[in-house]
Amino acid sequence: MRSIIDRLITTTLERLRHEGIFSPDTAFVFNVERPRDKNHGDFATNAALVLAKAARLPPRLLAEKIVAALPDTQNDVEKWEVAGPGFINFFLSDYSLHTIIPTIWQAGSQFGHSQIGAGRKIQVEFVSANPTGPMHLGHGRGAVTGDVIARLLQAIGCTVEREYYINDAGAQTLVLGRSVLIRYYALFGRAVTLPEGCYPAEYVVEIAQALRERDGDRWLAAELPAEPPPAVVDFAMAHCLGWIRDDLALLNIHFDTWFSERSLHQRGLIAQVAARLEEKGLIYEGILEPPKGKLLEEWEPRPQRLFRSSQFGDEVDRPLQKSDGTFTYFAADIAYHLDKAERNFDTLINIWGADHGGYIKRVQAALTALTGKPGLLEVRLVQMVNLFRGGQPVRMSKRSGTFVTLREVVEEAGSDAVRFWFLLRSAGANLDFDLELAMAKTNDNPIFYVQYAHARVHSVWRRLAEKGLPPHTVQRDQLARLTEPDERDLLRLLSRFPEVVENAALEKEPQKIPYYLLELAAAFHTYYNGHRILDEDADLRGARLSLIGAVGLVIANGLTLLGVHAPEQM
RNA sequence: GCGCUCGUAGCUCAAUUGGAUAGAGCAACGGCCUUCUAAGCCGUAGGCUACAGGUUCAAGUCCUGUCGGGCGUACCA
């Protein structure tokens, strides 16, 4: 519908160009949008406002001229008007509004999907939590956000791949291995005090027990080794990865690719990427300035191999190799992102915790230097989650190892509530998650409110059958009976759904879907309370059933995009 | 200090990416069930969009500055 209005205006403007109001080289850029205020019609354009200068006319006068030149539009547009500073508002006819109902019934679960992203290949990398422990709430939020961005992009026709980057190389894996080994010794009565920096949490004991169960006393030696045996490290990581996979599965999140950092080392890709940067003259031996504004007692000037990231928009150059010659994590990350870039994606999207924000520029800089494509990598930051229960914050401390895991929360509140709630805020904003509220069966709880609207639609179907009435089918000629303002509100909302999906996908802003669904659910509840669906009048009844059926379908489609169930009964 | 990010009703947050009179929910107050789920609905009240400039026909949104919160700030990942 929007495109029809769009074409209508363009045609009219061309007509005015012939009359000499616009010069031949005037570019017609204008918007057609949905006014927030329904008194302003179904669509409005700012064409007269934007083009007033080119026409050398006051905006309102130009608007009048445009309106006068608009062609006849048969059934679709009932009226138009010039309003405000020079907007042109279009009011759709009832007939045109009603068209959305058969469209929705026909498209079914595909309504809202489109092909505007067809041909685009996009990779979303998310979660990528270190395999050194169970996932916490923040990981869960990143997981849900990434998954839904992927779903949205698929809904507009993109080819999407979900990838998890496993940090299975580096110091923290040894810390895990050492922690497990110490607990393992303790299981055999060989108490060793846990050194500074080791993981104190209970889950480490669990891993140690699993290790003993599998291997018995095989890793017990006369003395605790300085480095944990590689097999122990691998066992511990695999155990953690198992947890992570299980937790993600609980949230119905599945990855296409699990990419191992270690494989980069094994294939020599890191040294290779360093050499490539070297060839381009972007590496040098240097000493970084001490960072300002932060007291660093241990700072000392150190010569390092530095990448000239400052040539590509970063603040300072970044170390690729440590002073002992080994590669930094950053070096591995460059190799990883280059590998992704060479897999022919049109866009790479990373979902990162907000604490990694300072890292974006350097990775983008490296990627730009290596590929020459500055916009390839897009990073979305996800802020932290604060856990509440009945309005009271749940205290957590990572240091003492007392924190609530993602699994505990999902098991208590359920995947639907967790997913919906995590999506309710824009990723950039902190999020308060209240366990009690997320499970409440009242309209304070947004997820319940939306699911209840869907269930109500289905309760009407059940009533229909109980009354012995025939199953419903849409009949176009009945729809003329939908004339109530509440019905028009619903029709307008329904017709917006594909635009909302498109917008949410393009902007990568999943929270637009829950907000839309809340709006639709509210309009439906209002309607349901004020009007009887199963009216005596068969035509009116048919029309209303067609309408609420469409509402039910759209709510279900919206929830499906969020990975949330649409129950038929509460 | 610098970078990123956020600042909107008492609280938690939206706002079609520059559009018209800034919207919801919670909390407060007042109403609606012999009728399809009251697990719901309706109404009242609540605002100098942190502040000051600038760009524009039009600014919560863009640019500059100030104030305030969060995150980050070499050989951790």
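In this text the structure is predicted, and so the values were computed from the model without any measurement.

Quick notes on the rules
- Residues numbered from 1 in each chain as written.
- Chains lettered and ligands numbered in written order.
- Predicted model: local features only at pLDDT ≥ 70, side-chain atom pairs only at ≥ 80, totals over all residues.
- Heavy atoms only, no water.
- Helix = DSSP H or I, 4+ residues; strand = E, 2+ residues; numbered from the N terminus.
- Buried < 20%, exposed > 50% of the residue type's maximum accessible area, 1.4 Å probe, protein only.
- Contact = heavy atoms within 4.5 Å.
- Lys, Arg positive; Asp, Glu negative; His and termini not counted.
- Charge placed at Lys NZ, Arg CZ, Asp CG, Glu CD.
- Phe/Tyr/Trp six-rings, centres within 6.5 Å; stacked < 30°, edge-to-face > 60°.
- Lys NZ or Arg CZ within 6 Å of the ring centre and 35° of its normal.
- Pairing = 2+ DSSP bridges.
- Disulfide = S-S within 2.5 Å.
- Domains from an automatic or database assignment.

This part takes up the overall build of chain A. Along its length, chain A carries 20 helices and 15 strands. If you line up chain A on its principal axes, its C-alpha atoms span 90 × 65 × 40 Å. Across the 570 residues of chain A, 50% fall into the buried class. A fraction of 72% describes how many contacts in chain A between residues 6 or more apart in sequence connect residues 24 or more apart. Placing the 63 positive and 72 negative side-chain charges of chain A at their respective mean positions leaves the two points 2 Å apart.

Turning to the packing of aromatic side chains, a few remarks are in order. Going through the model one piece at a time under the given rule, you end up with 24 aromatic pairs. Between Tyr203 and Trp243, the aromatic rings sit 5.9 Å apart at their centres with planes inclined by 85°, giving edge-to-face as the arrangement. Of the two residues, Tyr203 is situated in helix α8 (residues 202–215) and Trp243 in helix α9 (residues 230–250); the sequence distance between them amounts to 40 residues. Members of the aromatic cluster, connected to one another through ring pairs, are Phe307, Phe312, Tyr329, Phe330, Trp352 and Tyr359. Just above the ring of Phe345 sits the side chain of Lys121; from NZ or CZ to the centre is 4.7 Å. Across from the ring centre of Phe330, 6.0 Å away, lies the NZ or CZ of Arg362, which sits over that ring.

Moving on, we come to the pairing of strand β4 (residues 87–92). Burial analysis of β4 places 5 of its 6 residues in the buried class, which makes it a mostly covered element. With 3 bridges connecting them, strand β2 (residues 43–45) and β4 associate as antiparallel partners. Residue Thr45 lies in a different strand from β4, and its bridge partner there is Ile88. In terms of strand pairing, strand β3 (residues 77–83) meets β4 through 6 bridges, oriented antiparallel. Of the residues in β4, the one forming a bridge with Trp80 is Phe90. The hairpin formed by β3 and β4 contains 3 residues between the paired strands, and Gly84 there has a positive phi angle of roughly 55°.

With that out of the way, let us pick up the state of the cysteines. Taken as a whole, this structure holds 0 disulfides when the rule is applied. The structure places no disulfide on Cys198, whose sulfur is separated from the nearest cysteine sulfur, that of Cys240, by 14 Å. For Cys198, a relative accessible area of 11% translates into the label buried.

Time to look at the domain arrangement of chain A. Domain annotation for chain A reports domain 1 (2–92), domain 2 (123–162 + 257–382), domain 3 (171–250) and domain 4 (442–562). Each of domain 1 and domain 2 was reduced to a C-alpha centroid, and the two centroids are 47 Å apart.

On to the sheet that holds β2. One open sheet accounts for 4 strands, arranged β1-β2-β4-β3; its pairing is antiparallel. Strands with a single pairing partner mark the edges of an open sheet, and in this sheet they are β1 (32–33) and β3. In terms of strand pairing, β1 meets β2 through 2 bridges, oriented antiparallel. Across the sheet, residue Glu33 finds its bridge partner in β2, namely Ala44.

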